[in-house]
Amino acid sequence: ALTILMVMADGVECLPTMIQHGVFSSMKSIILEQQGAKSNASVEWSHICKLSLDVISNIAIHRAVNDDLRRDGAITFLQTLISRPGFPGLQATMALTHLSDKLEPDVIKQLPPEKLDDLVNLMRAAIDGDIAYENKWDLVPGPLSSIKYLIYQSGSENGWVCDRLLKAGLMEQLLRVLEADCLDAIDIETALEALWGLSRVSEEGRHMI
């Protein structure tokens, strides 16, 4: 059932109905029941919990029902997960960046720097068509759009975010997107938007561009 919900959430058509029938609340309850509410819990994530978070993330990254998710407390819930080790924390980070119009400064400060490295590495895998975390990833929506929103939301007041992304090799990956003949136009457009965002908030980014 969770696998079916995950597939249904990977597109905009079913999202309003899923929200109407309480899918987000149900997925949240599954995770809380099995993992506990504390962000620093060290309990290993079960397959059921990972699938439940996948459902939430798929709903969030398509951005069609963001108002409903925010009203249901998704931002607060995802904030408790971003510091989790491994893929759950990365998945929560991607969902949160797509869900928020503007991340609060305190949330930016809570982002583990290694999650930014993981985002760039996931972007690299998506460009190469490699399997990462048992899945093949689209760039948009996915790690590239997550990075773009993160650049825009962090702004110049949190310059360490852009510095860390650049240190992890973001510029190289953005140029690879622009040079690729096999990627969709939306991927190229999003890469250009990320470059534009970097040029506005990062001195290092402007110099590299």
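Residues numbered from 1 in each chain as written. Predicted model: local features only at pLDDT ≥ 70, side-chain atom pairs only at ≥ 80, totals over all residues. Heavy atoms only, no water.

Asks: Tell me about the environment of Asp-10, residues and numbers included.
Replies: Mapped onto the secondary structure, Asp-10 falls in the loop between helix H1 (2-8) and helix H2 (15-20). Sequence spacing of Asp-10 and Val-65 is 55 residues, and the spatial spacing of their C-alpha atoms is 13 Å. Not counting residues within four places of it along the chain, the set of residues in contact with Asp-10 comprises Asn-58 and His-62. A distance of 3.1 Å separates polar atoms of two side chains, one belonging to Asp-10 and the other to His-62. (Helix = DSSP H or I, 4+ residues; strand = E, 2+ residues; numbered from the N terminus. Contact = heavy atoms within 4.5 Å. Polar contact = N/O pair within 3.5 Å; in protein donor to acceptor, adjacent residues only side chain to side chain.)

Asks: Go over the side chain of Ser-154, please, and point to the residues and values.
Replies: The residue Ser-154 is located in helix H10 (residues 143-154) in this model. Within the local environment of Ser-154, its side chain forms a polar contact with the backbone oxygen of Leu-150, the two atoms lying 2.9 Å apart. Only 3.3 Å separates the side chain of Ser-154 from the backbone oxygen of Ile-151, close enough to count as a polar contact. Beyond its immediate sequence surroundings of up to four residues, Ser-154 is in contact with Ile-108 and Val-161.

Asks: How would you explain a nonpolar patch on the surface if you had to name every residue and give the values?
Replies: A cluster of nonpolar side chains, Leu-175, Leu-178 and Leu-192, forms an exposed patch at the surface whose accessible area comes to about 230 Å². With respect to the element layout, Leu-178 can be found in helix H12 (residues 170-179). Given the relative accessible area of 32%, Leu-178 is considered partly exposed. (Patch = residues over 30% accessible without salt bridge, like charges linked within 9 Å, V, L, I, M, F, W, Y side chains within 5 Å. Areas by Shrake-Rupley, 256 points an atom, 1.4 Å probe, with all protein chains shown as cover. Salt bridge = Lys/Arg side-chain N within 4 Å of Asp/Glu carboxyl O. Buried < 20%, exposed > 50% of the residue type's maximum accessible area, 1.4 Å probe, protein only.)

Asks: Residue-level account of unusual backbone geometry, with values.
Replies: Cis geometry marks the peptide bond from Val-140 to Pro-141, where omega comes out at -10 degrees. Here Pro-141 shows up in the loop between strand E2 (135-136) and H10. With a phi close to 55 degrees, Tyr-133 is a non-glycine residue in the positive phi region. Note on placement: Tyr-133 falls in the loop between strand E1 (131-132) and E2. Given the relative accessible area of 39%, Tyr-133 is considered partly exposed. With phi around 65 degrees, Glu-134 is a residue other than glycine that occupies positive phi space. Following the sequence through the fold, Glu-134 ends up in the loop between E1 and E2. On the basis of relative accessible area, Glu-134 is assigned to the exposed category, the value being 75%.

Asks: Provide a residue-level description of the environment of Cys-162, including the pertinent values.
Replies: Take Cys-162: it is sitting in helix H11 (residues 159-167). You can call Cys-162 buried: its relative accessible area is 0%. Taking the C-alpha atoms as reference, Cys-162 lies 6.5 Å from Ile-151; in sequence the two are 11 residues apart. Setting aside chain neighbours within four positions, we find Cys-162 in contact with Ile-151, Leu-198, Val-201 and Ser-202.

Asks: How would you explain the pattern of salt bridges if you had to name every residue and give the values?
Replies: Throughout the structure, instances matching the rule amount to 6 salt bridges. The shortest N-O distance in the salt bridge between Arg-70 and Asp-67 comes to 2.6 Å. Here Arg-70 and its partner Asp-67 are both found in helix H5 (residues 66-71), 3 residues apart, which amounts to about one turn of the helix. Its relative accessible area of 26% is what places Arg-70 among the partly exposed residues. Asp-67 sits in the exposed class, given a relative accessible area of 52%. Here Lys-148 ties to Glu-193 by a salt bridge, and the two come within 2.9 Å at their closest N and O atoms. Of this pair, Lys-148 sits in helix H10 while Glu-193 sits in helix H13 (residues 185-201), and the two are 45 residues apart along the sequence. You can call Lys-148 buried: its relative accessible area is 12%. In this structure Glu-193 comes out as partly exposed when scored by relative accessible area, which is 26%.

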